[in-house]
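Secondary and tertiary structure notes
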Amino acid sequence: MKVVVVDWDVTFPMNSGKRLRTLNLMLQLADRHEITYFSRGDGNSSEGLEAQKFLTDHGIKTVFANIPVTGKKTWHYYPRLAISVFMKNPFSVNAHVSPRFAMSLQDFASTHEVDLWQLEWTPYVDMLQGISPLRTIVVAHNVDTLIWQRYHETESNPVRRWFIKNQWQKFKRYEQEVYNRTDSVVAVSEDDAVILRQQFGVEQVDVVDNGVDIASYQTVTAVRNPYELLFLGSLDWRPNLDGVRLLLEKILPGVLQQEPRVKLTLVGRNPPPWLVNRAIRMPRVELCANVPDVRPYLARAGMMVVPLRIGGGSRLKILEALASGLPVVATRVAAEGLQLTPGEDFRMADTPDAMSESIVDWIRHPEVAQHVASKGQQVVSEHYGWDKLAEALEAAWEKTAKLTTPVGC
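**Remarks on the pairing of strand E8 (residues 225–232)**
- Bridge count for E8 against strand E11 (residues 301–306) is 3 bridges, and the pairing is parallel. The partner of leucine 230 across the bridge, within E11, is methionine 304.
- Relative to strand E9 (residues 263–268), E8 is paired through 5 bridges, and the arrangement is parallel. When the bridges of E9 are listed, phenylalanine 231 appears paired with leucine 266.

**As for the pairing of E11**
- The element E11 is extensively covered by neighbouring structure, given that 6 of its 6 residues are classed as buried.
- Two elements, E11 and strand E12 (residues 328–330), share 3 bridges in a ladder whose sense is parallel. Counted as the bridge partner of valine 305 is valine 329 from E12.

**A word on empty space enclosed by the protein**
- Enumeration over the complete set of coordinates arrives at 1 cavity of 30 Å³ or more.
- Approximately 50 Å³ is the volume found for the largest cavity.
- Lining the largest cavity are Arg21, Thr22, Leu25, Gln118, Glu120, Val139, His141, Val186 and Leu393.
- Element by element, the count of residues in the lining of the largest cavity is highest for helix H1 (residues 17–29), at 3 residues.
- A breakdown of the residues in the lining of the largest cavity according to their chemical character gives 4 nonpolar, 3 polar and 2 charged.

**As for the nonpolar core**
- Counting residues in each nonpolar core, the largest one holds 41 residues, and the members touching the most others are Val6, Phe101, Leu105, Trp117, Leu119, Tyr179 and Leu196.
- It is helix H8 (residues 158–179) that provides the largest number of residues to this core, a total of 6 residues.
- In terms of nonpolar packing, the next biggest core, distinct from the first, is built from 30 residues, Leu232, Val306, Leu319 and Val380 among them.

**Considering the layout of surface pockets**
- In this model, the second largest pocket occupies a volume close to 580 Å³.
- If you trace the second largest pocket, you find 26 residues lining it, with Met14, Asn15, Leu20, Tyr217 and Pro292 closest to the centre.
- Among the secondary structure elements, those contributing two or more residues to the lining of the second largest pocket are H1, helix H10 (214–218) and helix H14 (316–323).
- With 3 residues, H14 is the single largest residue contributor to the lining of the second largest pocket.

**Re the pattern of salt bridges**
- Using the criterion set out here, one finds 26 salt bridges in the structure.
- When the shortest N-O distance is used, the salt bridge between lysine 399 and aspartate 206 registers 2.7 Å. Residue lysine 399 is found in helix H18 (residues 386–401), and its partner aspartate 206 is found in strand E7 (residues 205–207); the two are separated by 193 residues along the sequence.
- The class of aspartate 206 is buried, set by a relative accessible area of 14%.
- One salt-bridge network, in which partners are shared between bridges, spans Asp126, Arg173, Glu177 and Arg181.

**Points about unusual backbone geometry**
- The residue after phenylalanine 12, namely proline 13, is reached through a cis peptide bond having omega 5°.
- The topology assignment puts proline 13 in the loop between strand E1 (2–7) and H1.
- The omega torsion across serine 132 and proline 133 is -5°, close enough to zero to call that bond cis.
- When you line up the elements, proline 133 lands in the loop between helix H6 (123–126) and strand E5 (136–140).
- Even without glycine at this site, threonine 11 takes up a positive phi of about 60°.
- Following the sequence through the fold, threonine 11 ends up in the loop between E1 and H1.
- A positive phi angle, near 60°, is found at asparagine 66, a position not held by glycine.
- Tracing the backbone through its elements, the reader meets asparagine 66 in the loop between strand E3 (61–64) and helix H3 (77–83).
- Relative accessible area serves as the criterion here: at 34%, asparagine 66 is assigned to the partly exposed category.

Parameters at a glance
- Residues numbered from 1 in each chain as written.
- Predicted model: local features only at pLDDT ≥ 70, side-chain atom pairs only at ≥ 80, totals over all residues.
- Heavy atoms only, no water.
- Pairing = 2+ DSSP bridges.
- Helix = DSSP H or I, 4+ residues; strand = E, 2+ residues; numbered from the N terminus.
- Buried < 20%, exposed > 50% of the residue type's maximum accessible area, 1.4 Å probe, protein only.
- 1 Å grid on protein atoms, 1.4 Å probe; cavity = no way out; pocket = protein on both sides within 12 Å on 5 of 7 lines; lining within 4 Å.
- Points joined across faces, edges and corners; volume = space filled by probe spheres on them.
- Nonpolar A, V, L, I, M, F, W, Y, C, P; charged D, E, K, R; others polar.
- Core = buried A, V, L, I, M, F, W, Y, C linked by side-chain atoms within 4.5 Å.
- Salt bridge = Lys/Arg side-chain N within 4 Å of Asp/Glu carboxyl O.

Encoded structure:
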């Protein structure tokens, strides 16, 4: 099958959950299908050049349009943010729409046979208009309506809360419309699939969970320090930053009152200046940004702490932790969508006080924490290997490609 994966990223190096998922699934299927990775990212950047070489070496063709999505650091970011209040679609959707990129896709389609277009986010559905014949499958890495609803529920500033509600309602309308203009949707958890079916009326939904390179993480040689807590995740993503702020302001102080030897290590890419400055000022906090390999941090920590209040999809970092045998303390939202049982495979704590107490308890009883982690490790090994998940995605590809009547764009 000839499949084009349409993305805004460069997917390598694998330093975010989204990159990990997209790339690992392509790698598993590249020897059985002709895959082209078609990105609007900057192929001339250091990451873009590295990505092209890696993908080509692994049998995946590449096309980079060199039209990267405009970031927050540009001068016109905030004017565009203000104007977006009066626009039909959410701000982040508008930021991804590009007539030039749409033209690049149409030019490619005019000279190449394509059996299936896999779109890594909903805005890219609209950029396939005019292409025929067309089979489309959208990967719902998150249900954005749910994420913006949770932003709204946790935001206290009235101005930001008003803006967030505005975006939440726009995403609700937008996702309802766009998911029903695609042939098929791939959800990353059964929880998300239920939302897509019940709230948006999507008929063709397949579940392909997030996963982990089990062999790579099972080889971690652990020398665990029960007094070292680990937070691992992209530090340029708002749900993670909300969790880090909660950890620094409400959870860690409660732990230090009872166990003053505790140290917190924050590991992730692209931390904002406020977090860098705060970590410098806090003697029991270490910030490690843009590290080449997270496994040494998984090996030395006593537990991973995941205090997320906002999110959707499922957390690859929890899978990585458990695959390496690291105990996990997480909120219900953080563990949502994973086939894990609270109390058996990880410890669930939904309030700052409950999380502080859970952390202290496991510091004092590391053998209990390790027993729970070993059960979680077994679940991850059985259910979350990329090879099994790629088979599920392949089945979704084949089913979508054989549909009698395409929905189209």
